[in-house]
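# Fold and geometry: a report
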Amino acid sequence: MEPFDFQSGTLPLLVSIPHAGTRLTPEVEDGLSDAARLQPDTDWHIPQLYDFVRGMGASVLVGHYSRMVVDLNRPADDTPLYASATTGLFPSTLFDGTPTFVAGKTPTPEQRNSYLQHIWQPYHQQIQQELARLKARYGYALLFDAHSIASHIPRLFDGKLPDLNIGTNGGESCSSAVEAAIRACCDAQDQYRWVINGRFKGGYITRAYGQPAQQQHAVQLELAQCNYMEEQAPFAWHAEKAAALQVQLKKLLESYLVCF
C-alpha cells in the first residue's frame, strides 16, 4: 500500500503533512499498549483543515502511516531534535510518557528497518523530488510543514501552548524576509496567541529542507488542537472553530507566498 498521498500543484509551495496518518503495520498494531491504541499523538484532521490549499494551487503530501510505526519528522539516524523531552524515530512512549508498546512486543530491528526503507524514505524522496521540480520551474521552492498537538502536555511544555507555534529553526530554515512577513501576518490579528521559535522550532523536515541560500525555504506550524477540534478521544472535529482558523491559515500562507 502506498505510504503517502501526493497531489502536485501550480504554486511554488509544498504543504507537507507527515503526522496525520493512522495506518498501522500488523506487528505494531499487535504490540500497542491500551493508551496507544487511541493514537492520541496523531495530528488529527490536519488534511481536512488544510484542504483549502489544494484550491489555492499548492502541492500537498500526506503520510498514511502512524508516527508509532515510524516518525517521518525525525532523522533516519534518530538523533534527538531537542534537549528537552521528545519522542524519536520509533517512539517508545507517547507524548505524556506512557509506554507505546506492551513489554516484549515492540517491533524487531529488522521490521523497523523495513519501515525506514518503505515508509520513511519514500516520503522524503517525494519531498526532495517536488522541491527540485518547484525550483526548476520557479527558481525557488517553499515548504510548509503542517502539524498539530494537544494544548496541554506537561511532559513537553509548561502551561498551555500558544495557538500558533511557528518554527524556522531559529531563522535558519527560511529567509529573514519570510520570517518577517509571517510575523507581520500574526501581528495583524488578535484572535490567536502565537510564537516564533518557541517550544517548537521545527522538526527534521524543516531543518533538513530549509536551505534559504539555495532558494529553498521551510516553515513549520504546530497548531494547538483546541482551536479546531476536541482534544480528548474520540477527537471530534469542531467545524465552527476550524472555519475561523482556516481564515488565518490562508492569510499566513499568502504572506509566505508574496515574499517572492
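This text goes with the structure placed above it.
### Points about the overall build of the protein chain
Scanning the protein chain from terminus to terminus reveals seven helices and seven strands. Each helix (α) and strand (β) of the protein chain, taken in turn from the N terminus, gives the series β-β-α-α-α-β-α-β-β-α-β-α-β-α. Here the C-alpha atoms of the protein chain give a radius of gyration of 18 Å, agreeing with the 18 Å that 2.2 N^0.38 yields for 260 residues. Here the protein chain holds 260 residues, and 53% of them are scored as buried.

### Things to note about unusual backbone geometry
In this structure, the amide linkage connecting A233 to the following residue, P234, adopts the cis form with an omega of 10°. Look at D78: it is not a glycine, yet its phi comes out positive at around 65°. Within the secondary structure, D78 is located in the loop between strand 3 (59-63) and helix 4 (109-138).

### Quick look at empty space enclosed by the protein
Applying the stated criterion across every chain, the model contains two cavities of 30 Å³ or more. For the largest cavity, the calculated volume is near 190 Å³. R67, R74, F95, F200 and E222 are the residues nearest the centre of the largest cavity, which is lined by 21 residues in total. Top element by residues in the lining of the largest cavity is strand 4 (residues 141-149). It accounts for three residues. Put simply, the second largest cavity is a space of about 40 Å³. Forming the boundary of the second largest cavity are D41, R67, M68, T87, P91, T93, L94, F95 and T100. Here the residues of the lining of the second largest cavity sort into four nonpolar, three polar and two charged.

### Some words on the packing of aromatic side chains
Going through the model one piece at a time under the given rule, you end up with eight aromatic pairs. For the pair W120 and Y204, a centre-to-centre distance of 6.0 Å together with 35° between the ring planes defines the contact as tilted. In this pair, W120 is assigned in helix 4 and Y204 in helix 6 (residues 204-209), connecting sequence segments 84 residues apart. By relative accessible area, which is 8% here, W120 ends up buried. Put simply, the rings of Y50, F52 and F144 touch in pairs and so form one group of aromatic residues. One cation-aromatic arrangement involves R23 over Y65; the distance from NZ or CZ to the ring centre is 5.2 Å.

Reading the values: the criteria
- Residues numbered from 1 in each chain as written.
- Predicted model: local features only at pLDDT ≥ 70, side-chain atom pairs only at ≥ 80, totals over all residues.
- Heavy atoms only, no water.
- Helix = DSSP H or I, 4+ residues; strand = E, 2+ residues; numbered from the N terminus.
- Rg over C-alpha atoms; globule rule 2.2 N^0.38 Å.
- Buried < 20%, exposed > 50% of the residue type's maximum accessible area, 1.4 Å probe, protein only.
- 1 Å grid on protein atoms, 1.4 Å probe; cavity = no way out; pocket = protein on both sides within 12 Å on 5 of 7 lines; lining within 4 Å.
- Points joined across faces, edges and corners; volume = space filled by probe spheres on them.
- Nonpolar A, V, L, I, M, F, W, Y, C, P; charged D, E, K, R; others polar.
- Phe/Tyr/Trp six-rings, centres within 6.5 Å; stacked < 30°, edge-to-face > 60°.
- Lys NZ or Arg CZ within 6 Å of the ring centre and 35° of its normal.

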